[in-house]
Amino acid sequence: MSTRRIGLLGGSFNPAHEGHRYISLLALKRLCLHEVWWMVSPQNPLKPRDDMAPFADRIAAARRSAGHPRIRVTAIEKALGTVYTADTLRALLPRFPDCRFVWLMGADNLGQIWEWKDWQRIFTLVPIAIFARPSYSYDVLSGKAAMRFAADRVWESRARNLVHMDPPAWMFFHTRPHQGSATRIRAYRAAANKQFLAIPADEPANI
Ligand SMILES: Nc1ncnc2c1ncn2[C@@H]1O[C@H](COP(=O)(O)OP(=O)(O)OP(=O)(O)O)[C@@H](O)[C@H]1O
Ligand SMILES: O=C(O)c1ccc[n+]([C@@H]2O[C@H](COP(=O)([O-])O)[C@@H](O)[C@H]2O)c1
């Protein structure tokens, strides 16, 4: 049975955007993976529920955005009934004994991961690859999580082997940052809706 190398990109995908695709393609190439699985979160436990689009809409939009045969959009957490990453990994890993997994995330999440449930356990379950993100990248490298696991940081030159390393092992990619951001897209859409609604009802909208 040959081992499959899988990157897991957990996210709200509210909505999916080019930044997700960009780091997924980087991960496929640099980490020498067979596939990246986008794991659409039913509800990030640290994010407000009120501006979260319905799960089915986020999945559907992610499927339209992924646009690559080796990026799979999944509802794994919905199926497992988990919302915390540590719980998801504990349930997922034994179900795929022929796969090696690596957790993928942006630099913003390296800065926040110490707030996640059982966060130190996550570092001991899977290797982690972190991608530079505009305005976060440098501070988080001296943050709480990076300091706690400083001895387990692996340099980018060993990227091809990361997925085979025994955790804890993590890597920070100093790649060109991508501006994609779901917050920015939601803000842009809200502004566009406001402008549209501001057009008086008796005036034809020029759309
Ligand atoms: N432009 C980007 N560069 C690097 N990582 C990114 C980028 N966009 C998203 N990610 C990472 O992808 C994962 C899922 O991100 P998520 O779906 O929350 O998108 P987001 O743009 O960060 O959303 P929001 O702005 O609502 O927080 C996270 O680990 C996040 O850090
Ligand atoms: O496990 C936790 O406590 C936890 C807290 C916040 C976020 N996460 C996970 O982090 C991933 C990225 O979330 P997001 O919303 O930044 O895209 C996603 O898989 C979430 O389920 C996990």
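Residues numbered from 1 in each chain as written. Chains lettered and ligands numbered in written order. Predicted model: local features only at pLDDT ≥ 70, side-chain atom pairs only at ≥ 80, totals over all residues.

A. Structural view of helix 2 (residues 55-66). Across its 12 residues, helix 2 extends 16 Å between first and last C-alpha, which sits within 8% of the 16 Å expected from 1.5 Å per residue. Immediately beyond the C-terminal end of helix 2, within one or two residues, lies Gly 67, with a positive phi of roughly 50°. (Helix = DSSP H or I, 4+ residues; strand = E, 2+ residues; numbered from the N terminus. Expected span 1.5 Å × (residues − 1).)

B. Inspection of the confidence of the model for the protein chain at higher detail. Mean pLDDT over the protein chain stands at 94; residues scoring 70 or higher make up 92%. For this predicted complex, the interface confidence reaches an ipTM of 0.99, while the overall pTM sits at 0.95. (pLDDT = per-residue confidence, 0-100.)

C. Highlighting the site of ligand 2. Around ligand 2, the structure places 15 residues, and the nearest of them are Gly 10, Gly 11, Ser 12, Asn 44 and Trp 116. Listed by contribution, the elements that provide at least two residues to the shell around ligand 2 are strand 1 (4-11) and helix 4 (85-92). Classifying every residue of the shell around ligand 2 by side-chain character gives 6 nonpolar, 7 polar and 2 charged. (Near = placed C-beta within 6 Å. Nonpolar A, V, L, I, M, F, W, Y, C, P; charged D, E, K, R; others polar.)

D. Structural detail: the site of ligand 1. Lining the immediate surroundings of ligand 1 are 19 residues, of which Gly 11, Gly 19, Gly 106, Ala 182 and Thr 183 lie closest. With 3 residues, the single largest contributor to the shell around ligand 1 is helix 1 (residues 18-30). Of the residues belonging to the shell around ligand 1, the class tally is 6 nonpolar, 11 polar and 2 charged.

E. Here's a closer look at unusual backbone geometry. Going from Asn 14 to Pro 15, the amide bond is cis rather than trans, its omega being 5°. Tracing the backbone through its elements, the reader meets Pro 15 in the loop between strand 1 and helix 1. Backbone torsion omega between Pro 167 and Pro 168 reads 5°, so that peptide bond is classified as cis. Among the secondary structure elements, Pro 168 is positioned in the loop between helix 8 (144-148) and strand 6 (170-173). At Phe 13, a position not held by glycine, the phi torsion is positive, near 50°.

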